[in-house]
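Close look at the chain arrangement
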Amino acid sequence: MADDIRASQTERDLILGATDPDFERVVRWLLGHGHGLAIGTEYIGHGEDWVELGLCQRPDLVADPATGVIASGPIITLLDFATSASTWLRRKKVAPNATLDLRIDYLRPARPGAKIVARGECYAAKRTVSFVRGIAHDGDPEDPIAHCVGTFFNMDEKSSV
């Protein structure tokens, strides 16, 4: 296990600070650890300043077994990660950041069993703060489950997270 931790730390060190990383590889690696792995988050795609992630609903993520509606926590996680990762694309650099503010407005419950997609976009990146927005939907981006706006504190790759 200690070797796995060292290997993960070495790969993490190679990823952080990369100015021209294979972004999909970076996101897939990050989603293979911690909370992203625990809830089953998956990479869908990205552009110059946006990221899309997906989440297949599972029984252990359901808040109310009577209705089958997914809990809010996985949706918050999905939006937080998608918007956070979008800041790396905008800044053209993978580096730690911290969520300063993330306001999420729920518009409706997700359809039970439907795949949830979150799209995060960084629309401005300043020296120390990046500004983001995003939506989560279950098949139709024009009928979102939730939308969000937020800010992230930009750190350099040597900062601890």
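Residues numbered from 1 in each chain as written. Predicted model: local features only at pLDDT ≥ 70, side-chain atom pairs only at ≥ 80, totals over all residues. Heavy atoms only, no water.

Examining the confidence of the model for the protein chain
Keep this limit in mind: pLDDT measures the predictor's confidence residue by residue and takes values from 0 up to 100. The helix count covers DSSP runs of H or I at least four residues long, the strand count covers runs of E at least two residues long, and both are numbered beginning at the N terminus.
Confidence along the protein chain averages 86 in pLDDT terms, with 84% of residues attaining 70 or more. When pLDDT is averaged over each element of the protein chain, strand E7 (residues 129–137) comes out on top at 98 and helix H1 (residues 2–15) at the bottom at 51.

As for the packing of aromatic side chains
For clarity, the threshold we go by: Ring pairs shown here join Phe, Tyr and Trp side chains whose ring centres sit within 6.5 Å, with only the six-membered ring taken for Trp; geometry is labelled stacked below 30 degrees between planes, edge-to-face above 60, and tilted in between. Charge-over-ring placement is defined geometrically: NZ (Lys) or CZ (Arg) within 6 Å of the ring centre, and within 35 degrees of the ring normal.
Under the criterion given, the structure shown has two aromatic pairs. Ring centres of Tyr 123 and Phe 131 lie 6.4 Å apart, and the angle between their planes is 40 degrees; on these two criteria the pair is classed as tilted. Note that Arg 119 overlies the ring of Trp 50, its terminal NZ or CZ placed 3.8 Å from the centroid.

As for the pattern of salt bridges
The test is simple: In the sections that follow, a salt bridge refers to a side-chain nitrogen of Lys or Arg positioned within 4 Å of a carboxyl oxygen of Asp or Glu. Only protein chains enter the accessibility calculation, which uses a 1.4 Å probe; a residue is then buried when its area is under 20% of its type maximum, exposed when over 50%, and partly exposed in between.
In the structure shown here, the tally under the stated rule is ten salt bridges. The closest approach of N and O atoms between Glu 24 and Arg 28, which form a salt bridge, is 2.8 Å. Taken as a pair, Glu 24 and Arg 28 lie in helix H2 (residues 23–31) at a separation of four residues, close to a single helical turn. Among the residues examined, Arg 28 registers a relative accessible area of 46% and is labelled partly exposed. Among the ionic pairs, Asp 105 bridges to Arg 103, the shortest N-O distance being 3.0 Å. Among the charged side chains, a salt-bridge network with shared partners connects Arg 108, Arg 111, Asp 138 and Asp 143.

Thoughts on the sheet that holds strand E1 (residues 41–46)
Heads up, the rule is: By the convention used here, strands pair only if DSSP detects at least 2 bridges between them. Every angle, taken between N-to-C directions, lies between 0 and 180 degrees, and every axis is a line fitted to C-alpha atoms, over only the stretch in contact when it is a helix. Note on contacts: a residue pair qualifies if any of its non-hydrogen atoms lie within 4.5 Å across the two residues.
Pairing in this open sheet of six strands is antiparallel, and the strands run E1-E2-E6-E7-E8-E5 from one edge to the other. Either end of the sheet is taken by a strand with one partner, and the two such strands are E1 and strand E5 (97–106). Going across the sheet, the axis of each strand differs from the next one's by a mean of 20 degrees, ignoring polarity. Summarising the sheet, E5 and strand E8 (residues 146–154) pair through nine bridges and their orientation is antiparallel. Note that in E8 the partner of Thr 99 across the bridge is Phe 152. Along the sheet, H2 contacts E1 and strand E2 (50–55); its crossing angle with E1, the most-contacted strand, is approximately 165 degrees. Contacts from helix H4 (residues 72–91) reach E1, E2, E5, strand E6 (116–125), E7 and E8, with the element oriented near 40 degrees to E6.

Description of unusual backbone geometry
Despite not being glycine, Lys 92 has its phi angle at roughly 60 degrees, a positive value. In this structure, Lys 92 sits in the loop between H4 and E5.

Describing the environment of Thr 77
Here Thr 77 lies in helix H4. Judged by relative accessible area, which is 23%, Thr 77 ranks as partly exposed. A sequence separation of 38 residues divides Thr 77 from Ile 39, and the C-alpha atoms of the two residues are 9.0 Å apart. With residues near it in sequence (within four places) discarded, Thr 77 still touches His 35 and Ile 39.

Here we look at the nonpolar core
When a protein is soluble and globular, its nonpolar side chains tend to lie buried together. Put simply, the rule reads: For our purposes a nonpolar core is just a set of buried Ala, Val, Leu, Ile, Met, Phe, Trp, Tyr and Cys residues, chained together by side-chain atoms within 4.5 Å.
If you look at the biggest cluster of nonpolar residues, it comprises 27 residues, and the most contacted ones within it are Leu 79 and Ile 116. Contributions of two or more residues to this core are made by H2, E2, H4, E6 and E8. Ranked by residue count, the leading element in this core is H4, at seven residues. Those residues in contact with Leu 79 that lie beyond four places of it in its chain are Ile 104, Ala 118, Gly 134, Ile 135, Ala 136, Ala 146 and Cys 148.

Observations concerning the pairing of E6
One face of the sheet, then the other: side chains in a regular strand alternate in exactly this way. Sheet topology note: the E2/E6 ladder contains six bridges and is antiparallel. If you follow Val 51 over to E6, its bridge partner there is Gly 120. Pairing of E6 with E7 involves eight bridges; the strand directions are antiparallel. Its bridge partner being in E7, Glu 121 is matched across the sheet by Arg 133. Connecting the antiparallel pair E6 and E7 is a turn made up of three residues.

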